[in-house]
Amino acid sequence: MQQERFDNTICAPATARGGAIAVIRVSGRDALACVDRIFRGKKPLADAQGYSLHFGSLHEADGALLDEVLVSVFRAPHSYTGENAVEIACHGSDYIVSRVLAMLLQNGAKMAAPGEFTQRAFVNGKMDLSQAEAVADLIAAQTAAAHRIALKQLKGGFSDELAGMRAELLHLASLMELELDFSEEEVEFADRTQLRELVEKVLAHCQKLIESFRLGNAIKNGVPVAIVGNTNSGKSTLLNALLGENRAIVSDIAGTTRDTIEETCNLGGVLFRFIDTAGLRESDDTIERIGIERAYEKLSAAQLVLAVLDLTAPLPALLASARDIAARVSPEQQLIFLLNKADAVSEEYIQLVQASLPDYTAFVIAAKSGLGLDALQEAIASTWQQLDTAAETTLVTNTRHLEALQNAAAALRRVQTGLQCSVPTDLVAQDLREALYHLASIVGEVSTDEILGNIFRNFCIGK
């Protein structure tokens, strides 16, 4: 990290376009002086106390009035970034906002890069890296559950759990290092049974966090739901009906859907990511075959599979399709069969199909008319209501955190094996250091410019 890059003063809009009021954020060593050059109030901002509001006006270089504004002053280190900071609340006109920014740039400020305010907060010790990432998650949260997870991580819930794990491992590491200092005397400062129990305890905690990613990722990005079935079974019609809009092209021509179409939908407070896929069939068309391969990929990656069966098809073909899909669904996935086009067949035939699928959950629907869709949506939402309560616990939602935890767990398993097999202490200690390194990387105690760049470039401007 090159600290000198933060010696300048930055500015950026902190609110979206179109509102009645816009907020422009300024942060850096010279933030107060920079704003003072364009602001006229009862007293200079340089003389203002932190956490204070000041009414005044902004003026162009020639003295012309631009706008009347309310200015908030924050003094280092008691600000979001840990630096001197000013927030200018002006009228939301695009012209006014652009002029304010231009005037700030003319008076020594620079435009902030995406996430630079939060990056400065991290560098200045206002938050660790996992908390900084939670800021972006909080902004992007689309459900109450996603909001609670991000807020808990921002408040340090995840960091506290990691700190507890690292404290126990550091105790173990200190004993190992002490033994290395007295290696010639072949002294053991810790009971190996106790060490094994400690590693087992920390490894179990680490594994619990790893396993939480399935739920955490579903809450953050939406439960992946693959809509699969033969061509013309009604998959695209179902997607449109669930979304309440014509998102997918619907046609009687087989093979209309060539690629996957993804859209999110909030059902009962839970976010679902519905994925319409190409119809499953044998095809000589190269493009269609690629679409079918992607359909199978989405099926294997989904947590919920909606298998659409065409009730107007002959029973042997319908059941063959059902068996093919069921064979590709793992025990960890949820499978629901949708008996579609129920308004085009007899009740007796529907009962026959249901009797042929005794081991599976099946809903009778007519996607085109909406028959049975309310019950289907309620069933889907109720099945995943666990996500709403799971959000109260610590869940891993970030793939970077997941990878670090997996690497830490792998190193801990090597420590475990080393202790069981009486491997030399220096080799066990090296694996232990590696586990500590990966846990530390989550909160940013060890990081690289590349990692930080990848994280903060995904932030919005002004945050």
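Reading the values: the criteria
- Residues numbered from 1 in each chain as written.
- Predicted model: local features only at pLDDT ≥ 70, side-chain atom pairs only at ≥ 80, totals over all residues.
- Heavy atoms only, no water.
- 1 Å grid on protein atoms, 1.4 Å probe; cavity = no way out; pocket = protein on both sides within 12 Å on 5 of 7 lines; lining within 4 Å.
- Points joined across faces, edges and corners; volume = space filled by probe spheres on them.
- Helix = DSSP H or I, 4+ residues; strand = E, 2+ residues; numbered from the N terminus.
- Nonpolar A, V, L, I, M, F, W, Y, C, P; charged D, E, K, R; others polar.
- Expected span 1.5 Å × (residues − 1).
- Buried < 20%, exposed > 50% of the residue type's maximum accessible area, 1.4 Å probe, protein only.
- Arc of directions from axis to C-beta.
- Axes fitted to C-alpha atoms, helices over the stretch in contact; angles between N-to-C directions.
- Parallel < 35°, antiparallel > 145°, perpendicular 65-115°, else oblique.
- Contact = heavy atoms within 4.5 Å.
- Phe/Tyr/Trp six-rings, centres within 6.5 Å; stacked < 30°, edge-to-face > 60°.
- Lys NZ or Arg CZ within 6 Å of the ring centre and 35° of its normal.
- Pairing = 2+ DSSP bridges.
- Salt bridge = Lys/Arg side-chain N within 4 Å of Asp/Glu carboxyl O.

Caption draft 1: Summary view of empty space enclosed by the protein. Considering all chains together, one arrives at one cavity of 30 Å³ or more under this definition. Approximately 50 Å³ is the volume found for the largest cavity. In terms of lining residues, the largest cavity is bounded by Ile149, Lys152, Gln153, Gly157, Phe158, Thr393, Thr394 and Leu395. Elements with a contribution of two residues or more to the lining of the largest cavity: helix 5 (144-154) and helix 6 (157-181). In terms of residue count, helix 5 provides more of the lining of the largest cavity than any other element does, three residues in total. Each residue belonging to the lining of the largest cavity can be placed in one class, and the counts come to three nonpolar, four polar and one charged.

Caption draft 2: Geometry of helix 7 (residues 192-211). Relative to the 28 Å expected for 20 residues at 1.5 Å per residue, helix 7 spans 28 Å between its end C-alpha atoms, a close match to the ideal helical length. Three or more residues of helix 7 are buried, namely Arg192, Leu195, Leu198, Val199, Val202, Leu203, Cys206, Leu209 and Ile210. Buried residues along helix 7 cover an arc of 130° about the axis, so they all sit on one side. Helix 7 presents Gln194, Glu197, Glu200, Lys201, Lys208 and Glu211 as exposed residues on the side facing more than 90 degrees away from its buried surface.

Caption draft 3: Here's a closer look at the packing of helix 4 (residues 129-140) against helix 16 (residues 425-443). Closest axis-to-axis distance for the helix 4/helix 16 pair is 5 Å, and the angle between their directions is 40°. By the angle class used here, helix 4 and helix 16 are oblique. Between helix 4, through Leu129, Ser130 and Glu133, and helix 16, the contact on the second element is made entirely by Ser441, Ile442 and Val443. Residues of the contact of helix 4 with helix 16, tallied by class, amount to three nonpolar, two polar and one charged.

Caption draft 4: Quick peek at the packing of aromatic side chains. Under the definition given, this model contains four aromatic pairs. On the basis of an interplanar angle of 85° and a centroid distance of 6.1 Å, the ring pair of Tyr51 and Phe74 is categorised as edge-to-face. Linking Tyr51 in the loop between strand 3 (39-40) and strand 4 (52-59) with Phe74 in strand 5 (residues 65-74), this pair joins segments that are 23 residues apart in sequence. Looking at Tyr51, the relative accessible area reads 63%, which means it is exposed. Residue classification places Phe74 among the partly exposed positions, given a relative accessible area of 22%. Aromatic side chains Phe456 and Phe459 sit 5.3 Å apart centroid to centroid with 40° between the ring planes, which places their arrangement in the tilted category. Per residue, the accessibility class of Phe456 equals that of Phe459, and both read buried. Sitting above the plane of the Phe117 ring, Arg25 keeps its charged end 5.4 Å from the centroid.

Caption draft 5: Representation of the pairing of strand 2 (residues 21-27). For strand 2, a buried count of five out of seven residues is recorded, marking the element as mostly surrounded by other parts of the structure. The pairing of strand 2 with strand 6 (residues 85-91) spans seven bridges and is classified as antiparallel. Counted as the bridge partner of Arg25 is Glu87 from strand 6.

Caption draft 6: Structural view of the sheet that holds strand 9 (residues 261-267). Within the open sheet, the six strands sit side by side as 9-10-8-11-12-13. Their pairing is mixed. On the outer flanks of this sheet lie strand 9 and strand 13 (361-364), each paired with one strand and no other. Within the sheet, the average angular offset between the axes of one strand and its neighbour, ignoring direction, is 25°. Where strand 11 (residues 304-310) lies against strand 12 (residues 334-340), seven bridges are found, and the strand directions are parallel.

Caption draft 7: Representation of the sheet that holds strand 1 (residues 10-13). On the basis of which strands lie adjacent, the open sheet formed by seven strands has the order 3-4-5-6-2-1-7 and mixed pairing. The sheet terminates laterally at strand 3 and strand 7 (110-111), the two strands that pair on one side only. The pairing of strand 1 with strand 2 spans four bridges and is classified as antiparallel. Looking across to strand 2, one finds that Cys11 is bridged to Val26. On the sheet, helix 3 (residues 116-123) packs against strand 1, strand 2 and strand 7 and is oriented at approximately 135° with respect to strand 1.

Caption draft 8: Up close: the pattern of salt bridges. Taken as a whole and judged by the stated rule, the model has 14 salt bridges. Across the pair Arg25 and Glu87 runs a salt bridge, and its minimum N-O distance is 3.2 Å. One end of the pair, Arg25, is in strand 2; the other, Glu87, is in strand 6, and 62 residues separate them in sequence. Linked by salt bridges that have partners in common, Glu83, Glu116 and Arg120 make up one network.

Keep in mind these numbers describe shape, not what the thing actually does.
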